[in-house]
Number of protein chains: 2
Amino acid sequence: MNPGDFDPWMRSELQAVEAALELHVRADAPADLGEAMRYGVLDGGKRLRPLLVLAAAQAVDGHREAALRAACAVELIHAYSLIHDDMPCMDNDVLRRGKPTVHVRYGEAAAMLAGDAMQALAFEVLTPEDDVVSPALQARLVRLLSRAAGVQGMAGGQAIDLANVGRQLDEATLQDMHRRKTGALLQASVLMGAACGNTTPAAWQALEAYGAAIGLAFQVVDDILDVTQASETLGKTAGKDAYANKPTYVSLLGLDGARARALALHEAAHAALRACELPGASALALLADRVVERQS
Amino acid sequence: MNPGDFDPWMRSELQAVEAALELHVRADAPADLGEAMRYGVLDGGKRLRPLLVLAAAQAVDGHREAALRAACAVELIHAYSLIHDDMPCMDNDVLRRGKPTVHVRYGEAAAMLAGDAMQALAFEVLTPEDDVVSPALQARLVRLLSRAAGVQGMAGGQAIDLANVGRQLDEATLQDMHRRKTGALLQASVLMGAACGNTTPAAWQALEAYGAAIGLAFQVVDDILDVTQASETLGKTAGKDAYANKPTYVSLLGLDGARARALALHEAAHAALRACELPGASALALLADRVVERQS
């Protein structure tokens with residue numbers, strides 16, 4: 001893929017993901033459950049995780065239907081985690097992507113249920129009744145996603161986060177938290193895509209390294225943007241105060257240190273891609289650039 | 001199995017389930033996540049769902065390791081749903097099984113996370129890395145469990161419940177609610193056990209009917225016990241007032257009508273077992289008796 005082909009590829013894949021999510025997240029679920037789920041997952045977000053799945057699947061010439069299901073499943077897990085995170089007992093956020101959060105719109109009970117149902121739906125989507133996707137691949141995708149969502153991954157990272165609000169963490173603990181909280185699902189996205197095709201053990205390992213690098217880079221950039229965006233808004237170097245209660249890469253390394261870290265991780269992601277020697281990996285390379293260069 | 005062998009069988013299976021849950025729900029998860037999960041699922045409950053899995057697996061001479069994993073997975077889903085149900089935004093219960101509920105003990109955020117992580121863990125448990133359980137069976141078990149837990153099952157039933165507090169429902173809606181809310185997971189328990197062995201299509205269908213019958217019987221008996229237990233405590237026929245805000249089989253059919261319904265479902269369960277013609281189904285038959293005759 002030439003760099004100029006990336007944007008059309010991305011637009012086309014985003015449309016495919018949106019259409020698939022439309023199909024899987026049905027409006028006719030009981031009461032307003034379907035509506036709340038659709039509100040929480042459709043028409044929003046950068047869809048980075050689905051794009052990683054589809055870019056990795058492309059790199060290994062993977063099974064298209066399986067990859068599209070994996071893309072939807074990982075986005076459902078991500079979206080459910082945002083709904084639960086936004087609730088009053090967690091971050092108590094009332095706005096997301098410019099819209100009232102799910103619990104503001106539908107009530108807390110419905111928001112919790114919608115999140116719960118979306119997690120179950122992710123695993124439904126991975127295990128279709130027909131055998132278009134082989135049972136072995138179905139099981140492998142469930143294995144990757146459930147581990148990334150659970151105690152070893154996202155939920156475990158959130159528990160560390162929750163237990164450490166207001167404390168300064170050392171870098172090892174901060175990294176462990178982020179590797180689980182956001183990194184595990186981003187890495188799993190890459191690996192789920194890769195699982196849809198054939199890879200050598202060496203290529204798999206290299207894709208694991210790529211996923212780990214961009215997973216962490218994503219969080220470092222997030223921490224940087226939190227500060228620099230606030231600066232633009234406030235007209236001064238904000239951040240220290242705003243984030244005094246939350247350990248971040250910026251609070252730990254400083255803004256310049258965090259920027260250097262993001263660049264090092266970006267380089268590590270590219271090095272891993274070179275090591276995996278997959279001619280179709282250019283979309284993954286360009287996604288790594290987007291993760292680090294993004295402005296929002 | 002002779003009726004006299006049932007209690008020793010049950011005790012031995014309960015021990016096996018408890019030991020397996022001990023292994024799967026690890027204490028070393030980050031922060032107090034592991035502790036909260038263990039608090040929510042170990043040492044408590046009748047373990048009806050695991051027993052149904054194991055009894056059905058016995059009826060079809062099913063794969064032992066797969067059945068034990070399925071038993072743990074379905075109990076994890078059940079236990080997570082109780083943790084979330086008990087939270088202030090849902091039923092706001094402070095006691096369960098004589099202990100403070102998880103959110104009272106660990107806080108709301110930790111309770112929500114523990115439930116979320118338990119749902120992910122259920123699917124982890126069903127998809128072990130080794131191939132002791134065949135990938136095809138892994139995928140089939142995930143398929144059964146995820147559908148029973150999601151919008152077509154438990155979460156969908158809870159949404160109907162939530163939307164109808166304080167309203168009198170007609171019997172069809174009440175039945176639809178319960179078939180999803182509690183019935184789907186009980187039926188899935190039977191089918192997951194059956195999936196661990198070989199069944200004819202006719203036997204599978206009969207086990208579906210058995211699972212549907214005891215799934216609904218369980219709820220009818222629950223509604224009866226809610227009233228009769230309250231009566232014993234209060235020394236008068238309570239229930240009408242206590243449950244004015246919640247549609248139940250007793251409020252719909254009256255106490256005698258509900259008892260007649262429970263007996264009819266009990267008979268339907270036994271008829272289904274006779275139809276499936278499995279010589280090893282006696283534990284399922286005895287479990288049906290327990291479900292209807294239980295006093296708590």
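Fair warning: this is a prediction, and the values are worked out from it, not measured in the lab.

Conventions adopted
Within each chain, residue numbers correspond to sequence positions counted from 1 in written order. Chains carry letters and ligands carry numbers; both start at the beginning, A for chains and 1 for ligands, and go up in the order they are written. Confidence filtering applies because this is a predicted model: local features only for residues at pLDDT of at least 70, side-chain atom pairs given and counted only at 80 or more, and all residues used for totals across whole chains, interfaces and linings. Where helices and strands are cited, they refer to DSSP runs of H or I of at least four residues and of E of at least two residues respectively, numbered from the N terminus. A residue is called partly exposed when the number of other C-beta atoms within 10 Å of its own lies between 12 and 20, exposed at 12 or fewer, and buried at 20 or more, with C-beta atoms placed from the backbone. Here, residues touch in the contact sense if the C-beta positions derived from the backbone fall within 7 Å of one another. What sets the superposition is a least-squares fit of C-alpha atoms, and only residues with pLDDT of at least 70 in both copies go into it. Any nonpolar core is a set of buried residues, restricted to Ala, Val, Leu, Ile, Met, Phe, Trp, Tyr and Cys, that join up through C-beta atoms within 7 Å. By this rule the span expected of a helix is its residue count minus one, scaled by 1.5 Å. Here the bend at a residue is taken as the angle between two axes, fitted respectively to the seven residues that end there and the seven that start there. Angles here are taken between N-to-C directions and fall from 0 to 180 degrees, while the axes themselves are lines fitted to C-alpha atoms, restricted in helices to the stretch in contact. Throughout, the term roughly parallel applies to angles under 35 degrees, roughly antiparallel to angles over 145, roughly perpendicular to angles from 65 to 115, and oblique to all others. Note on convention: the crossing is left-handed when the near helix lies turned anticlockwise from the far helix by less than a right angle, right-handed when the turn is clockwise. Basically, the charged four are Asp, Glu, Lys and Arg, the nonpolar ten are Ala, Val, Leu, Ile, Met, Phe, Trp, Tyr, Cys and Pro, and anything else, Gly included, counts as polar.

Draft legend 1. Spatial organisation of the overall build of chain A. Counting secondary structure elements, chain A contains 12 helices and two strands. Shown N-terminal to C-terminal, the secondary structure of chain A runs as helices and strands in the order α-α-α-α-β-β-α-α-α-α-α-α-α-α. Per-residue burial over chain A gives 55% buried out of 296 residues. Expressed as a percentage of contacts within chain A between residues at least 6 apart in sequence, the contacts between residues at least 24 apart total 73%.

Draft legend 2. View of the relation of the copies chain B and chain A. By a simple turn and slide, chain B fits onto chain A: the slide is 0.0 Å along the axis, the RMSD is 0.0 Å, and the turn is 180 degrees. What the superposition gives is, in effect, a two-fold axis relating one chain to the other. In terms of proximity to the rotation axis, the leading residue of chain B is A139 of chain B, whose C-alpha is 2.5 Å off the axis. Here 100% of the interface residues in chain B have copies in chain A that are interface residues too; the copies meet face to matching face.

Draft legend 3. A look at the nonpolar core. Core analysis: the biggest nonpolar cluster contains 218 residues, and L145 and A217 of chain A together with L145 and A217 of chain B have the highest contact counts within it. Discounting residues that sit within four places of it in the chain, L145 of chain B has contacts with A73, V74, I77, A122, L126, A188 and M192 of chain B.

Draft legend 4. Examining helix 9 (residues 171-195) of chain B more closely. Residues and elements named next belong to chain B. Counted at 1.5 Å a residue, the expected span for helix 9 with its 25 residues is 36 Å, but the 32 Å between its end C-alpha atoms falls short. Where helix 9 bends most, the angle comes to about 55 degrees, and this point is G183. In terms of burial, helix 9 is largely enclosed, as 20 of its 25 residues are buried.

Draft legend 5. Quick look at the environment of K99 of chain A. Positionally, K99 of chain A belongs in strand 2 (residues 99-100). Taking the C-alpha atoms as reference points, K99 of chain A and A212 of chain A, 113 residues apart in sequence, are found 31 Å from one another.

Draft legend 6. Examining the packing of helix 4 (residues 64-86) of chain A against helix 7 (residues 135-149) of chain A more closely. All names here are of chain A. Running from N to C, helix 4 and helix 7 cross one another at 20 degrees; their axes reach a closest spacing of 11 Å. Put simply, helix 4 runs roughly parallel to helix 7. Judged by the twist between their axes, the crossing of helix 4 over helix 7 is right-handed. Seen from helix 4, the contacting residues are A66, A70, A73, V74 and I77; seen from helix 7, they are L137, L141, L145 and A149. A breakdown of the residues in the contact of helix 4 with helix 7 according to their chemical character gives nine nonpolar, no polar and no charged.

Just geometry here; none of it tells us what the structure is for.
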